[in-house]
Amino acid sequence: MKDNLKLKSYICDQCGLPFSSSGIERLENSNKLHFCCYGCSFTYSILSANGKSGTEAVFLARLGFSAFLSMNIMIISWVIYDNQWITLGIEHYVLPVLEKLLFVLATPIMILVGYPYLKNMMKEIRSLRMSMDSLIAIGSFTAYLFSTYQVFKGEKNVYFDTGTMVIVLVTFGRYLEANAKVKTSHAISKLISLQPDISRVIRDGIEQLISTDLVRIGEMIKVLPGERIPLDGIIVEGVSNIDESNITGEAISRIKNKGDKIYAATHNIDGVLLIRTTTIQQETLHSRIVHMIEEAQLTKSHIQRAVDKIASIFIPLIIFLSGSTLIGWLFFTTFDVALLHALTILVVACPCALGIGTPIATTIALGKAADCGVLIKSTDVFEKLALSKIIVFDKTGTLTRGDFTISTFSSIIDDKKFLSIVCSIEKDSEHFISKSILNYTKEKRISFFDSRNIRVVPGFGIVGEVKIDGKWTTVFIGNQQFLKMNSFKFPDGFCDYSSSDEILKVFVGWDSIVYGTIELKDDLRANIKDVVSSLEKRGMKTILISGDTIRATKTLADTIGISQYFGEQLPKDKIEKIEMLKKSGTTIMVGDGINDAPSLAAADVGITLASATDIAKETADITIIGDHLDKVTWIIGYSKKTLWTIKWNLFWAFGYNSIGIFLAIFGVLRPIIAATAMIVSSLVIIMNSRRLRSSFPC
C-alpha cells in the first residue's frame, strides 16, 4: 500500500503569500527559505526583502522588467501601424521580421510577469470563484495568443502591445497598492522597534546582558539614562523622568518614583532605575498594542465582505458581456475588430479599484488611530461607530478617575485590626476600590492576616476567608445591597448611606454583623463635560448606567449633562439595558471594570481605557491609551470620515466601471486607453484614501 501523501503549506519568504509544497525550496545561510516561484527567488537574491516590503519589491522588479520590454514593443508597434516605417525608410519585406520581434519581446513578459495571473485564473476556474486576476489573464493572454497565431500564419493585425501593456499597467497598479500598504505598516514597524531586545538583568548580585525574551517575571532589571524600558514592571529603586508618549499619548514626560508602575518601550530620560518585572516580553502592554493592530489589519469589514460578494457576481457577468460583444460586433465588422472591442471590456471592467477601495482606507485608518492612541481590534468598528446613535457610559472609573482616596472609615472594633482584615481580602483583587484601600493601608503600615478562598462578585463586592483570632472567618466587603442579600445586621448609623453623592461607601462584615464602613472619594475626569456636550451636539443620545445609587447616578448625570441615567444596575441589568437600547440604533458602551465586561461584549461597540481591568480590555473592541476620554469623540468623528472615504471610493469604482463598460460595448475605447484609465482610477482611490492620514488631526 502506498502511504498517503500530504502537501505541505508554506509562506513565501519573498512575497508573504501561501503556497503548496510544489514551490521552490533552497538553503540560504544555513536557513531553509521557501519561495512560491522563481520570480520570488530571483527577487529575494537581489533585494533580500520579505513580507509587505517583499511584496512591493516583487511588483517593482516585475514592473521594471516588463516596462523595459513593453516600451520597445510600443515603439515597434508605432513604426508598423502608424506607417512610420515608410518615413524611416524601412523596406516592406522587413515588417514580418518586426512582427516576429514583437513576439520575441512579448513572450518573456507573458511568461515571467503574466504567469501569476494565469495561474490564479486556473485555480479560480476550478473553484468557480473568479477575481480580477481572471479578467486580466483572459484579456492579456487572448490578445497575446491571437497575435502569435497571426504572426506565424503570416497575417497582419497583431495586438502584442495590448496584451503586454495590460500586464504592465496592472502590475504598476499592484505596485502602488503594495507601496501604500508598506507605508501604512511603517507605524507598526516603528512600534515594534521601540521595545529593546536586550535587558540588563541582575542575577545573584551580578549584572548581565541577556535577551529580553529570556527574562522571567519577578526578576530585577537595571535601566540606564537614555535607554528604553525592556519590560513592564514596578520601580524598586531610583527616580527618573519617563517619556510615555508612545503608550499614553502624553507629550510631557512624567516623574516616576519607587513603587510606580512602568511600561516596556517607554523612554528613561535621566535616572538610573532598578525595576522588578511583572510581565514577560510577549505580554507587555506594548506587545499587546502591536498584536492588536496586526490582528485588526487582517480582518474584513462588513462593507468589504459585501464588495467581495458583489465582485464574485460581477466578474462572470463581465465575461458574459465580453463574449456577447464579440458575437454582436461580428455582424457589423471583422473578427479582428470585434475581438478588440471584447478585449476592451475585459480590461476596462477589471475591478482593481473596487478591490482596493475599502482595504486601503481601513488599513490607513487603523494606522492613524494607533498613532493617536486608539487601538482597534477589527475594521468593522469604523462602520459601526460611524452609524452609532447611542453611547452608554459607566460611572466609576470611566466618567470618574477611579482613583479613589479614603476620606474616612469607622468601625466597632479596633481600627488597626479592622483595616488588617479588610486589606487581607482586598490584596488579591484588581478592582480600583481594592487598590485604593491597599494604598491607604500601605501608608499606615498595616499588616496582613492569613486569607484564602477569595472571590470577586461583580457588581456587589468581594468575599473571602480571613484567619481572625485563630479562626477562619468568612468576610464580606461591598455595597449595602450585597450585605443585605447575605442577611447582615447593620448597627445604628451604618445604614445611613452618605450625606454626599460624591462619596462611595463600602461595608465590611462577618458573622452576619456589619463591623465597619469605609468612605472613598473620586473626582471627575478632565474635560468630561466637554466630551458629553460634543457628543450631544453630534446628535448622539448619551446615557449613564451605574451600579451606584439612583441618587448618586442622577447627581452625576445632571452635573455633566447626560440626558438619561439608570442607577443601581447589576451586570445582568446593564446587559438588558444595552440589548434594549440596541433596538433603537447602533449602541456604544464605554466602561472599564470587571462588571462592565458583559456590557462591553453586548454592545455594538465596546470602548475601554488602558487603565481598565484586563478582562475589560480583552472584551472591548477599542482601547484608548491613557486617560483621554475625549478620544471617544475623536474616533467617532474619524470613523465617519473613514466611512465617507470608503463610500466615495466605491462610488468612484462602480461609476468608472459602469461608464467604461458602456463605452467599450459601443467600441469607443481601445484596450490601451482602457488599461490606462483603470490604473488612473486605482491611483485616484489610493490618493483619496491617503488623505485619511493627514486630514483629521488627533
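The following paragraphs examine the structure supplied in this document. Everything numeric in this text was worked out from a predicted model, so none of it was measured.

How each quantity is defined
- Residues numbered from 1 in each chain as written.
- Predicted model: local features only at pLDDT ≥ 70, side-chain atom pairs only at ≥ 80, totals over all residues.
- Heavy atoms only, no water.
- Helix = DSSP H or I, 4+ residues; strand = E, 2+ residues; numbered from the N terminus.
- Expected span 1.5 Å × (residues − 1).
- Buried < 20%, exposed > 50% of the residue type's maximum accessible area, 1.4 Å probe, protein only.
- Polar contact = N/O pair within 3.5 Å; in protein donor to acceptor, adjacent residues only side chain to side chain.
- Contact = heavy atoms within 4.5 Å.
- Arc of directions from axis to C-beta.
- Salt bridge = Lys/Arg side-chain N within 4 Å of Asp/Glu carboxyl O.
- Pairing = 2+ DSSP bridges.
- Phe/Tyr/Trp six-rings, centres within 6.5 Å; stacked < 30°, edge-to-face > 60°.
- Lys NZ or Arg CZ within 6 Å of the ring centre and 35° of its normal.
- Axes fitted to C-alpha atoms, helices over the stretch in contact; angles between N-to-C directions.
- Parallel < 35°, antiparallel > 145°, perpendicular 65-115°, else oblique.
- Left-handed = near helix turned anticlockwise from the far one by under 90°.
- Nonpolar A, V, L, I, M, F, W, Y, C, P; charged D, E, K, R; others polar.
- Patch = residues over 30% accessible without salt bridge, like charges linked within 9 Å, V, L, I, M, F, W, Y side chains within 5 Å.
- Areas by Shrake-Rupley, 256 points an atom, 1.4 Å probe, with all protein chains shown as cover.

1. Observations concerning helix 12 (residues 335–348)
Taking 1.5 Å of rise per residue, the 14 residues of helix 12 would be expected to cover 20 Å, and the 20 Å separating its terminal C-alpha atoms lies within 8% of that figure. Counted residue by residue, helix 12 has 12 buried out of 14 residues, so it is predominantly covered. Where helix 12 is concerned, the buried positions are Asp 336, Ala 338, Leu 339, Leu 340, His 341, Ala 342, Leu 343, Thr 344, Ile 345, Leu 346, Val 347 and Val 348.

2. Describing the side chain of Thr 164
Here Thr 164 shows up in helix 7 (residues 160–184). Looking at Thr 164, the relative accessible area reads 1%, which means it is buried. A distance of 2.8 Å separates a polar atom in the side chain of Thr 164 from the backbone oxygen of Phe 160. Sequence-distant contacts of Thr 164, defined by excluding residues within four places in its chain, comprise Ser 70, Ile 73, Ala 106, Ile 109 and Met 110.

3. Focus on the environment of Thr 277
Along the polypeptide, Thr 277 turns up in strand 13 (residues 273–277). A C-alpha to C-alpha distance of 9.3 Å links Thr 277 and Pro 230, two positions 47 residues apart in sequence. Those residues in contact with Thr 277 that sit more than four places away from it in its chain are Val 215, Arg 216, Ile 217, Gly 218, Glu 219, Ile 221, Leu 231, Asp 232 and Gly 233.

4. Quick word on helix 21 (residues 571–582)
Since one α-helical turn is 3.6 residues long, residues separated by three or four positions face the same way. Between its first and last C-alpha, helix 21 extends 17 Å over 12 residues, near the 16 Å set by a 1.5 Å rise per residue. Within helix 21, burial applies to Pro 571, Asp 573, Lys 574, Lys 577, Ile 578 and Leu 581. Taken down its axis, helix 21 places every buried residue within 155° of arc, on the same side. In helix 21, the exposed residues that point more than 90 degrees away from the buried face are Lys 572 and Glu 576. Close packing links the buried residues of helix 21 with strand 15 (388–394), strand 22 (541–545), strand 23 (564–566), strand 24 (586–590) and helix 22 (597–602).

5. A closer look at the pattern of salt bridges
Evaluated as defined, the whole model comprises 11 salt bridges. Between Glu 219 and Arg 216 there is a salt bridge; the shortest N-O distance is 3.5 Å. Here the residues in one salt-bridge network are Arg 200, Glu 207, Lys 222 and Glu 227, joined through shared partners.

6. Considerations on the pairing of strand 9 (residues 240–243)
Taking every second residue as pointing to the same face, the buried face of strand 9 carries Ser 240 and Ile 242, while none of Asn 241 and Asp 243 on the other face is buried. Inspection of the sheet shows strand 9 paired to strand 10 (residues 254–256) by three bridges, in the antiparallel sense. What sits directly across from Ser 240, in strand 10, is Lys 256. Here two bridges tie strand 9 to strand 12 (residues 267–268), and the two strands are oriented antiparallel to one another.

7. A word on the packing of aromatic side chains
Taken as a whole and judged by the stated rule, the model has 16 aromatic pairs. Aromatic pair Tyr 638 and Phe 696: ring centres 5.6 Å apart, planes at 50°, arrangement tilted. Note that Tyr 638 is positioned in helix 24 (residues 631–665) and Phe 696 in the segment after helix 25 (671–690), a separation of 58 residues in sequence. Accessibility expressed as a relative area gives 0% for Tyr 638, which makes it buried. Of the aromatic side chains, those joined through ring pairs into one cluster are Phe 103, Tyr 144, Phe 152 and Phe 160. When the ring centre of Trp 472 is taken as reference, the NZ or CZ atom of Arg 452 above it lies at 4.1 Å. Over the ring of Phe 566 we find Lys 577; its NZ or CZ atom is 5.1 Å from the centre of that ring.

8. Observations regarding the packing of helix 16 (residues 415–426) against helix 17 (residues 432–443)
Look at helix 16 against helix 17: their axes get within 9 Å of each other, and the N-to-C directions meet at 135°. Considered as vectors, helix 16 and helix 17 are oriented oblique to each other. In the crossing of helix 16 with helix 17, the sense of the turn from one axis to the other is left-handed. Packed against helix 16, whose contacting residues are Leu 419, Val 422, Cys 423 and Glu 426, the element helix 17 presents Ser 434, Ile 437, Leu 438, Tyr 440 and Thr 441 at the interface. Classifying every residue of the contact of helix 16 with helix 17 by side-chain character gives six nonpolar, two polar and one charged.

9. Some thoughts on a nonpolar patch on the surface
On the surface, Phe 65, Ile 111 and Leu 112 cluster together to form a nonpolar patch covering roughly 290 Å² of accessible area. Residue placement: Leu 112 occurs in helix 4 (residues 95–113).

10. Concerning the environment of Thr 142
Within the secondary structure, Thr 142 sits in helix 6 (residues 132–153). The spacing of Thr 142 and Leu 339 is 197 residues in sequence and 9.1 Å in space, taken between C-alpha atoms. Once residues within four sequence positions are removed from consideration, Thr 142 is found in contact with Ala 137, Leu 339 and Leu 343.

11. Looking at unusual backbone geometry
One non-glycine residue with positive phi stands out, namely Asp 469, at about 55°. Along the chain, Asp 469 turns up in the loop between strand 18 (461–468) and strand 19 (471–478). Phi is positive for Asp 511, close to 55°, though the residue is something other than glycine.

12. Some details on the sheet that holds strand 5 (residues 198–203)
Taken in spatial order, the six strands make up an open sheet running 6-5-7-13-8-11, and their pairing is antiparallel. Single-partner strands in this sheet number two, and they are strand 6 (206–211) and strand 11 (261–262). Pairing analysis gives two bridges linking strand 5 to strand 7 (residues 220–223), with the strands arranged antiparallel. Residue Val 201 lies in a different strand from strand 7, and its bridge partner there is Ile 221.

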